[in-house]
Amino acid sequence: MTTLSSATEASESRSTRPRAFIVTIYGLYAREVGGWISVSALIQLMGQLEVDAPSVRSAISRLKRRGLLEARKANGSAGYGLSQQAREILDEGDQRIFGRRRAELADGWLLAVFSVPEAQRQQRHLLRSRLSWLGFGVTASGVWIAPHYLYEETREVLERHDLSGYVDLFRADYLAFGDVSELVAQWWDLEGLQRLYDEFLSSFFPVRDRWRQGGAGSDAEAFGDYARVLTEWRRLPFLDPGLAPELLPPDWHGARAAALFDELRERLTERAHRFASSVIEEHKGRPAAADQL
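Keep in mind it's a predicted model, so treat the numbers as computed, not measured. (Residues numbered from 1 in each chain as written. Predicted model: local features only at pLDDT ≥ 70, side-chain atom pairs only at ≥ 80, totals over all residues. Heavy atoms only, no water.)

### Some remarks on the sheet that holds strand S6 (residues 143-147)
Rules: Two strands qualify as a pair provided DSSP detects at least 2 bridges between them. Here a strand is any run of E in DSSP of at least two residues, a helix any run of H or I of at least four, and the numbering for each starts at the N terminus. Every angle, taken between N-to-C directions, lies between 0 and 180 degrees, and every axis is a line fitted to C-alpha atoms, over only the stretch in contact when it is a helix. Throughout, a residue-residue contact means that at least one pair of heavy atoms, one from each residue, lies within 4.5 Å.
Here four strands make up an open sheet; going across it, the order is S5-S6-S4-S7 and the pairing antiparallel. Two strands lie at the open edges of the sheet, namely strand S5 (137-140) and strand S7 (167-172), each paired on one side alone. For this sheet, the mean angle separating the axes of adjacent strands, direction not counted, is 30 degrees. Pairing of strand S4 (residues 109-114) with S6 involves five bridges; the strand directions are antiparallel. Directly across from Trp109, in S6, lies its bridge partner Pro147. Contacts from helix H5 (residues 121-134) reach S4, S6 and S7, with the element oriented near 170 degrees to S4. Where helix H6 (residues 151-160) meets the sheet, it contacts S4 and S7, and its direction lies at approximately 175 degrees from that of S7.

### Thoughts on the packing of helix H8 (residues 190-212) against helix H9 (residues 219-233)
Here is the rule: By definition in this entry, angles of less than 35 degrees are roughly parallel, angles greater than 145 are roughly antiparallel, angles of 65 to 115 are roughly perpendicular, and the rest are oblique. What makes a crossing left-handed is the near helix being turned counterclockwise from the far one by less than a right angle; a clockwise turn instead makes it right-handed. When residue character is reported, Ala, Val, Leu, Ile, Met, Phe, Trp, Tyr, Cys and Pro are called nonpolar, Asp, Glu, Lys and Arg charged, and the others, Gly included, polar.
Relative to each other, H8 and H9 sit at 160 degrees, their axes nearing to 11 Å. Classified by the angle between their axes, H8 and H9 sit roughly antiparallel to one another. In this structure, H8 crosses over H9, and the sense of that crossing is left-handed. Across the interface between the two elements, Tyr197, Phe200, Phe204, Val207, Arg210 and Trp211 of H8 pack against Glu221, Ala222, Asp225, Arg228, Val229, Glu232 and Trp233 of H9. Class assignment of the residues belonging to the contact of H8 with H9 gives a composition of eight nonpolar, no polar and five charged.

### Brief notes about the layout of surface pockets
Spelled out, the test is: The distinction between a cavity and a pocket rests on a 1 Å grid over the protein atoms alone: a 1.4 Å probe fits inside a cavity but cannot get out, while a pocket stays open yet meets protein on both sides within 12 Å along at least five of seven lines, and a residue with an atom within 4 Å of a point counts as lining. Grid points are joined across faces, edges and corners, and a volume is the space filled by probe spheres set on the points.
Estimated volume of the second largest pocket: approximately 640 Å³. Lining the second largest pocket we find 28 residues, and of these Arg96, Gly99, Arg100, Arg101 and Tyr149 sit closest to its centre. Considered class by class, the residues forming the lining of the second largest pocket number 13 nonpolar, four polar and 11 charged.

### Some points on the pairing of S6
Rules: Using a 1.4 Å probe on the protein chains alone, a residue whose accessible area is under 20% of its type maximum counts as buried, one over 50% counts as exposed, and one in between counts as partly exposed.
With four of five residues buried, S6 lies mostly within the body of the structure. Bridging between S5 and S6 involves three bridges; their strand directions are antiparallel. Within the sheet, the bridge partner assigned to Val138 lies in S6 and is Trp144.

### Quick notes on the packing of aromatic side chains
What counts here: Working definition: a ring pair exists when centres of Phe, Tyr or Trp rings (six-membered ring for Trp) sit within 6.5 Å. Plane angles under 30 degrees give stacked, over 60 give edge-to-face, the rest tilted. Any Lys NZ or Arg CZ that is within 6 Å of a ring centre and within 35 degrees of that ring's normal is treated as a charge sitting over the ring.
What the rule picks out here adds up to 14 aromatic pairs. Pairing Trp233 with Phe261 gives two aromatic rings, centres 5.0 Å apart and planes at 10 degrees, and the pair type is stacked. With a gap of 28 residues between them, Trp233 in helix H9 and Phe261 in helix H11 (residues 254-282) connect regions that are remote in the sequence. Here Trp233 and Phe261 have matching classes, each one buried. Through a chain of ring-to-ring contacts, the aromatic side chains of Phe98, Tyr197, Phe200, Phe204, Trp233, Trp252 and Phe261 assemble into a single cluster. Sitting over the face of the ring of Trp133, Arg130 holds its NZ or CZ atom 4.9 Å from the ring centroid.

### Things to note about the environment of Glu153
By the element assignment, Glu153 lies in helix H6. C-alpha of Glu153 to C-alpha of Ser58: the two residues are 95 residues apart in sequence and 33 Å apart in space. Not counting residues within four places of it along the chain, the set of residues in contact with Glu153 comprises Arg96, Trp133 and Leu134.

### A look at the sheet that holds strand S1 (residues 36-38)
The strand order across the open sheet built from three strands is S1-S3-S2, with neighbouring strands paired in antiparallel fashion. Of all strands in the sheet, those with a lone pairing partner are S1 and strand S2 (69-74), marking the two edges. For this sheet, the mean angle separating the axes of adjacent strands, direction not counted, is 35 degrees. Bridging between S1 and strand S3 (residues 77-82) involves three bridges; their strand directions are antiparallel. If you follow Ile37 over to S3, its bridge partner there is Tyr80. Sheet contacts for helix H2 (residues 39-47): S1 and S3; angle to S1, the most-contacted strand, approximately 80 degrees.

### Description of the environment of Gly142
When you line up the elements, Gly142 lands in the loop between S5 and S6. The exposure class of Gly142 is buried, given its relative accessible area of 10%. Taking the C-alpha atoms as reference points, Gly142 and Tyr166, 24 residues apart in sequence, are found 10 Å from one another. Those residues in contact with Gly142, other than ones at most four positions away along the chain, are Ala112, Val113 and Phe114.

### Focus: the pattern of salt bridges
Close approach of charged atoms allows side chains with opposite charge to pair. How we decide: Each reported salt bridge corresponds to a side-chain nitrogen of Lys or Arg within 4 Å of a carboxyl oxygen of Asp or Glu.
Considering all chains together, one arrives at 16 salt bridges under this definition. Between Arg31 and Asp91 there is a salt bridge, with its nearest N and O atoms 2.7 Å apart. Separated by 60 residues along the polypeptide, Arg31 in the loop between helix H1 (17-30) and S1 and Asp91 in helix H4 (residues 84-98) bring together distant segments of the chain. Glu232 is the salt-bridge partner of Arg235, the closest N and O atoms lying 3.0 Å from each other.

This is the structure:
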């Protein structure tokens, strides 16, 4: 699964948090049951995350307007299903979030050189958004850079969004005249990313310790913790380009954060899935109350 918006979710406010939780729930559980979840089940699941019904309704409305969720009924129950666009985005992001890759120095670089006419500002915005989402940094106006391993994914994304006509892609090696490990700090906001990794570690080390200490919580608590940790984690792989370790600061915390996420995922996934599946199954065929729609 992936975030259903661009990497700007790194600065998401409290008002967008319910949307982020809904995306997490649909990404984790909806696709295996046909992409649809009833209103009543969604409200119960969101309640476990301390989100009230009015906030759920508001978040769903925004996701509907963006064409990501579609209202429809199943077996007499009101609910929302994933649009085709949303399915593609979620499928696209699964590998980035759960199958992270780190570049090697020998891989070289991928350059995206583009020019978009002034009259097509919307396409320019979309192109920059997609390149940022893919993990590109900026070397100069119209010249963006990423580790070369991102080539196939970049090509697929640009073609799918009809942006390939604006871009030329090059494989490159850096030859002169600076220190690449210093330059990457100019091409990407590594300091900002390091702060996000530190925040993730500070937030979820206590969660890990609680589950490690044998305080066997309920399946509902496992669901709440896993939904929160994944919601916070899933934006980070889209901000981190996966640079070779040699190019990163010596005190880089990305690896520690990834290890923490992996441990929590291993500890919580099965129990969280059991709870979510039971809620979704329980609400099948149950009509939603009028104030839930």
